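# Working through the structure, step by step
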Amino acid sequence: MTTTLDTMPVSRMRSRALHPYWLAAPGIVFLAIFFVYPVLKLMGLSVVGADNSFSLAAFSRIGHTDVYLRVLAVTFRISLDTAIYSLLLGYPLAYWLAGRPDRQRGKLLIFVTVPFWTSYLVKTFAWMIILGHTGVINTVGTQLGLFGQPLEILHNRTGVMIGMVHAMVPLAVMTMLPVMTSIDRRLVSAAQTLGATPVRAFWLVYFKLSLPGVTAAGLLIFISSLGFFIVPAFLGGRQDTMLAQLIITQVQEMLNWSFAGALSVLMVGTALVACLVYDKFFGLSTISGGTVRENKSWLRQVGLAILGGVAAAVDMIAKPFGRLLGGRHILSIVSWTIIAFLVLPTLLVIPLGFTSSSFLEFPPPGYSWQWFSTYFNSPVWISATVRSFGVAAATAVLATCVGGLAALALAYGRGRWSGPIFAFFLAPMIVPRIVIAVGMFYLFANLGLVASNIGLVIGHTVLAIPFTMVTVAATLKTYDTRLDQAAATLGANRLRTLFGVTMPLIKGGLVAALLIAFITSFDELTIAIFVSGGITTTLPKQMWDDMILQLNPTLAAVSVTVFVVVTSLLIIAERFRRSSSQNL
Amino acid sequence: MSVANDTKMNGARADAKLVVDQLGKRYGSVTALEPTTISVPQGELLTLLGPSGSGKTTLLQLICGLTPASSGRVIIDGRDQSATPVYKRDIGLVFQHYALFPHLTVYENVAFPLKMRGQPAAEIVRRVGEALDMVHLGHLAERFPRELSGGQQQRVALARCFVYQPSVILMDEPLGALDKKLREHMQIEIKRLHRESGATIVYVTHDQEEALALSDRICLMNHAKVEQVGTPREIYESPKTAFAADFIGISNILRGKFLNGARTTLNTAFGNFTVPAGSACAGESAALVVRPEHMRLGVRGDNAIKGVVTEIVYAGSETRIIARLNEEAQLTLRLPQGEAPPRLGQQIDVSWERDLAVLVP
Ligand SMILES: Nc1ncnc2c1ncn2[C@@H]1O[C@H](COP(=O)(O)OP(=O)(O)OP(=O)(O)O)[C@@H](O)[C@H]1O
Ligand SMILES: [Mg+2]
């Protein structure tokens, strides 16, 4: 493909052409204005007093009332527990998936990606129906006589943990899986021929080599959980209030920016400390798929010693059970159970959308279309739906352009700035959404963008950019070598190559990025809570408002619609992504 | 020592260290290894030689227990090991791509099998030191595998295997990833380690030169079964099949049908040839194998054939002449030192002594 144009001297072209990093410039500017500035501004507000002078009043207020410290402690605790439980459930599933043949794994992965992308609102809605006092579990349980009186599993910590872990296991699996599939399983065989029992071979070799994935997943889950508010708001009780809920109240009800800023500082600070601790022990590069550099520190020795101890202990415990535990079947059963936990709750909502009852009882006494017709005949719902589609479409285009260009910049220009640029574009995924949303709200209030579609598109684009960049970058990775040649031989004609050669070849990746960005926007709530409102409500915002007021079957009908839209887009995206990598 | 002989002995030989008895493997309808019987005496280096997909790796994995067998037994030192799990069989396996643990240093890699066997610390230090010295890697003990060259990694893999002195060592194309020069160097190392340790080694390769350089005996495999087992000389001088003749060394293979009931003359596309005295072949058709060094210029032997010189290859100690017989076939002959080579394109007669050829089915 390069033969027709490669007559030009390379060096001359190189020097005249702009550096490929310039392709990332639009994204950098965009994120600087709509992400970095608002977040820093909000955090800056934390030290601004009533009379616009420097003041630490907000922080001292946090320090003096133990209400806030307790919320902080609860947030920390829930996030930590969520990380631990999600890893415990995610590990066996990821291990099982990693052991499947490639094609089969590709298909099974849908059981992880669909729950991952299913709206938190839909998932939470499902759990409310399942866990409630007259919910599915309690109805079925009491009818079968499993327990005498209804279990208290909603509006308390149990409910929160179930919802949080359910939301986070897919992230755990998706983070660990790439690490696990890259582990050479022959190493485990090698350990066995060298005299290690299967149990010890697993711990000393496989588990050790999968640790970067495990810890990266733990960190991501912990940080994401810090900013959660949907799950604790609906599944938790008063004592389970988390930091993000507090921030929302401060902004929406008290308009206390300074205090909201201070709380945001706490949240970002906690996330930052978690990152630093992680970096100290494992190195942040492992998150983006870099390899761990083994060093010879005492820390490594301690780690290996602990691992050796664990291996020996498990080996002892497992010995009496012998064959039983080593069986492949056990792992399959466990994995399918976890998949059921991930998938079934959401599926349960589907029959409820078609219920003939006016209540959300399960199983539905009969079936009808009435709630869908209520949905489709309600101007409020329809306008929200139309707006969500429109905003999502605009977001998809904008985020794919900006993120795609950034991915190209990284693929063409491999220099020492690639790492920092990559990290910068991922940052909106790491900084808690609630902080971004509140910061943006403040900025938009000054720009007059609140309650505008443009504001929503901008906000959603910030959140979608990391996903589009990663998706396009993944496609480019398989395309690397040809891209190199093109870049080297074509020099000044890069733009033509881009549109003539590269674009068509990575078409699949681009379509996947579009769809992913669409989904990101389509069920985005955090920014919508602040930036949309009144007549510019989006679908998730409307669901949130309705769920706060009263659960009703219309919500089920809406949930079914959202679920179907998102799932179909996801399946299409997966098709495109795969066809693109097959073509290469 | 043929397969047939081994079958009869069936592991009863006093000095058989490792006996593979009717060992076979099927994956659904695919036969990866036909039931195979081989016995390996104590201290022997046996190579499994064969083309890709002939079942070499399968046989090795069955012996060490990484793959469960569909049929047959593995016997070590007279004891049936078929039901013994991998980690309890006294077998060392060297993988094709070394399979060094990337998270452990060279020292820790080599110490791994000793630790698994619960050896005392002092003993571990001593033996790892010895093993590393044996492969001349003592100075690199603290490095990680990725900080080593391919050849060094291979030596670590060897040390890790020899360190716990398994009585049987299996090697699956251990030198496959190395360049020619390094490979030849490592072959010498492996020979030395074999000699010094006295271990029984089964060594997989698809490189016939490597097999010839290393082996006490070669087990030639093709299409999931053993074609022939024997010393390199036995296989070279009396191949049992055309495949064996073709795989080891250069052969001229002349295929044809027997002319008469006495089966003394073979009719081929290039003429009629008498077969060596005393050779027998059951079928209607057979092939004559003639090695290049047994072919002579001119009509001197019992059998002669005509060709046109297409190439003259001067290879130092010898000169090889390649002559075209017809559109498809050519033959190779080795010119003795001092004899003048013909010209390119010259019509030549080539002949051989009847009894120097080998008749194969
Ligand atoms: N897990 C498996 N499932 C199905 N067929 C298999 C499996 N493993 C091996 N085979 C088949 O068994 C046959 C022998 O394979 P094996 O790996 O033993 O060959 P090999 O002689 O080691 O070849 P190579 O020199 O390429 O390593 C091949 O045809 C292969 O396709
Ligand atoms: Mg093999």
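Throughout this document, residue positions are counted from 1 along each chain, in the order its sequence is written. Here the convention is simple: chains get letters from A, ligands get numbers from 1, in the order in which they are written. Only residues with pLDDT of at least 70 get local features here, since the model is predicted, and only at 80 or more are side-chain atom pairs given and counted; chain-wide, interface and lining totals rely on the full set of residues. Water and hydrogen atoms play no part in the side-chain values, which are based on all heavy atoms of the structure.

This brings us to the overall build of chain A. A run of H or I in DSSP counts as a helix once it spans at least four residues, and a run of E counts as a strand once it spans at least two, with each numbered from the N terminus. Helix and strand content of chain A: 27 helices and zero strands. Considering only contacts in chain A between residues 6 or more positions apart, those separated by 24 or more positions represent 78%. Here chain A displays about 25,900 Å² of accessible surface, and carbon together with sulfur accounts for 67% of that area. Contact between two residues is taken to exist if any of their heavy atoms lie within 4.5 Å; hydrogens are not considered. Method for areas: the Shrake-Rupley scheme with a 1.4 Å probe, in which residue coverage is limited to the protein chains shown.

Right, let's talk about unusual backbone geometry for a bit. Residue and element names in this part refer to chain B. Notably, Gln-22 is not glycine yet its phi reads approximately 55°, a positive angle. Position of Gln-22 among the secondary structure elements: in strand E1 (residues 16-27). For His-223, which is not glycine, the phi torsion reads 45° and is therefore positive. Of note, His-223 is situated in the loop between strand E9 (217-222) and strand E10 (225-230).

Okay, the interface of chain A and chain B next. Listed by partner, the interface residues are 24 residues for chain A and 25 residues for chain B. Each of two parts loses accessible area, computed with a 1.4 Å probe, when they are put together; buried area is these two losses added. Buried surface at the junction of chain A and chain B, summed over both partners, amounts to about 2,300 Å²; 66% is from carbon and sulfur atoms. When a carboxyl oxygen of Asp or Glu lies within 4 Å of a side-chain nitrogen of Lys or Arg, that pair is called a salt bridge. Summed over the shared surface of chain A and chain B, the result is zero salt bridges. In protein, a polar contact requires one atom able to donate a hydrogen and another able to accept it; more generally it is a pair of N or O atoms within 3.5 Å, and residues adjacent in sequence count only if both atoms are side-chain atoms. Viewed at the interface, chain B and chain A are joined by three residue pairs in polar contact (both at pLDDT 80 or more). When residues of the side of chain A that touches chain B are traced back to their parent elements, those giving at least two are helix H10 (186-193), helix H11 (198-226) and helix H15 (298-318) of chain A. Taken together, the residues of the side of chain A that touches chain B break down into 10 nonpolar, seven polar and seven charged. Each residue gets one of three labels, nonpolar for Ala, Val, Leu, Ile, Met, Phe, Trp, Tyr, Cys and Pro, charged for Asp, Glu, Lys and Arg, and polar for the others, Gly among them.

A separate point is the confidence of the model for chain A. A low pLDDT means the predicted coordinates there should not be read in detail. Taken over all residues, the pLDDT of chain A has a mean of 85, while the share at 70 or more is 88%. A residue's pLDDT is the predictor's confidence in that residue, given on a scale from 0 to 100. Between residues 1-15 of chain A, whose pLDDT stays under 50, and residues either more than four places distant or in other chains, the model counts 16 contacts.

What follows concerns the site of ligand 1. Residues and elements named next belong to chain B. Each residue is tested against the molecule or strand, and it is near if at least one of its non-hydrogen atoms lies within 4 Å. The full set of residues close to ligand 1 is Tyr-27, Ala-32, Pro-51, Ser-52, Gly-53, Ser-54, Gly-55, Lys-56, Thr-57, Thr-58 and Glu-173. Between ligand 1 and Thr-57 there is a distance of 2.6 Å, counted from an oxygen atom to a side-chain nitrogen or oxygen. The side chain of Glu-173 places a nitrogen or oxygen atom 3.3 Å from an oxygen atom of ligand 1. Expressed as a share of its isolated accessible area of 640 Å², the protein-covered part of ligand 1 is 61%. In terms of residue count, helix H2 (residues 56-64) provides more of the shell around ligand 1 than any other element does, three residues in total. For the shell around ligand 1, the per-class residue count stands at three nonpolar, six polar and two charged.

For any two helices packed against each other, one specifies the crossing angle of their axes together with the interaxial distance. All names here are of chain A. Where helices are involved, their axes are fitted lines through C-alpha atoms of the stretch in contact, as for all axes, and angles between N-to-C directions lie from 0 to 180°. At a minimum axis distance of 8 Å, the contact between helix H19 (residues 379-412) and helix H24 (residues 507-522) shows a crossing angle of 135°. Accordingly, the angle class assigned to the pair H19 and H24 is oblique. You can see that H19 and H24 cross each other, and the crossing is right-handed. Contacts from Ser-388, Phe-389, Val-391, Ala-392, Ala-393, Thr-395, Ala-396, Val-397, Ala-399 and Thr-400 in H19 reach Leu-510, Ala-513, Leu-514, Ala-517, Phe-518, Ser-521 and Phe-522 in H24. Across the contact of H19 with H24, the residue classes break down as 13 nonpolar, four polar and no charged. Should an angle lie under 35 degrees it is considered roughly parallel, over 145 roughly antiparallel, and from 65 to 115 roughly perpendicular; all remaining angles are considered oblique. Handedness of a crossing is defined here by the sense of rotation of the near helix relative to the far one, left-handed for an anticlockwise turn of less than a right angle and right-handed for a clockwise turn.

With antiparallel pairing, the five strands of this open sheet are ordered in space as E15-E19-E16-E17-E18 (chain B). Looking at the sheet topology across the chains shown, the edges are occupied by strand E15 (296-297) and strand E18 (330-335) of chain B. In this scheme, strands are said to pair when DSSP sees at least two bridges between them.

Here we take up the side chain of Thr554(A). One can find Thr554(A) in helix H27 (residues 553-583). Look past the residues within four positions of Thr554(A) in its chain and what remains in contact with it is Trp371(A), Thr374(A), Tyr375(A) and Trp381(A).

This part takes up the confidence of the model for chain B. Residues and elements named next belong to chain B. On average, chain B scores 86 in pLDDT, and the residues at 70 or more come to 96%. Considering only residues more than four positions removed or in separate chains, one finds that residues 1-12, a stretch of pLDDT under 50, has 18 contacts. We note a pTM of 0.84 for the whole complex and an ipTM of 0.80 for its interfaces.

The subject of this paragraph is the pairing of strand E4 (residues 71-76) of chain B. All names here are of chain B. In this structure, E1 lies alongside E4, joined through five bridges in antiparallel fashion. The residue bridging Gly-24 from the neighbouring strand is Ser-71, located in E4. Hairpin connection of E4 to strand E5 (residues 79-80): two residues between the antiparallel strands, including Asp-77 at a positive phi of 50°.

A few words on the sheet that holds strand E6 (residues 91-94) of chain B. All names here are of chain B. An order of E6-E7-E8-E3-E9-E10 is seen for the six strands of this open sheet, with the pairing classed as mixed. Strands with a single pairing partner mark the edges of an open sheet, and in this sheet they are E6 and E10. Each neighbouring strand pair of the sheet contributes to a mean axis angle of 15°, computed without reference to strand direction. As paired strands, E6 and strand E7 (residues 168-172) are joined by four bridges and run parallel to one another. Residue pairing across strands places Gly-92 opposite Ile-169, the latter belonging to E7. Helix H5 (residues 150-162) rests against E6, E7 and strand E8 (200-205) of the sheet, and its axis sits at about 175° to E6.

The geometry of an aromatic ring pair is captured by two quantities: the separation of the ring centres and the angle between the planes. Residues and elements named next belong to chain A. Any two rings among Phe, Tyr and Trp, with Trp reduced to its six-membered ring, count as a pair given centres within 6.5 Å; such a pair is stacked if its planes are under 30 degrees apart, edge-to-face if over 60, and tilted if neither. Per the stated rule, a full pass over the model turns up 36 aromatic pairs over all chains. Aromatic side chains Phe-202 and Phe-207 sit 6.4 Å apart centroid to centroid with 45° between the ring planes, which places their arrangement in the tilted category. As far as the burial class goes, Phe-202 and Phe-207 line up, both buried. Centroid distance Phe-372 to Phe-376: 6.3 Å. Interplanar angle 35°. Geometry classified as tilted. One end of the pair, Phe-372, and the other, Phe-376, are both in helix H18 (residues 370-377), four residues apart, so they sit about a helical turn from each other. Accessibility here uses a 1.4 Å probe with only protein chains present; expressed as a share of the type maximum, an area under 20% marks a residue as buried, one over 50% as exposed, and anything in between as partly exposed. Note on Phe-372: relative accessible area 7%, which makes it buried. You can call Phe-376 partly exposed: its relative accessible area is 47%. Charge-over-ring placement is defined geometrically: NZ (Lys) or CZ (Arg) within 6 Å of the ring centre, and within 35 degrees of the ring normal. Directly above the ring of Phe-259 sits Arg-61, whose terminal nitrogen or CZ lies 3.9 Å from the centroid.

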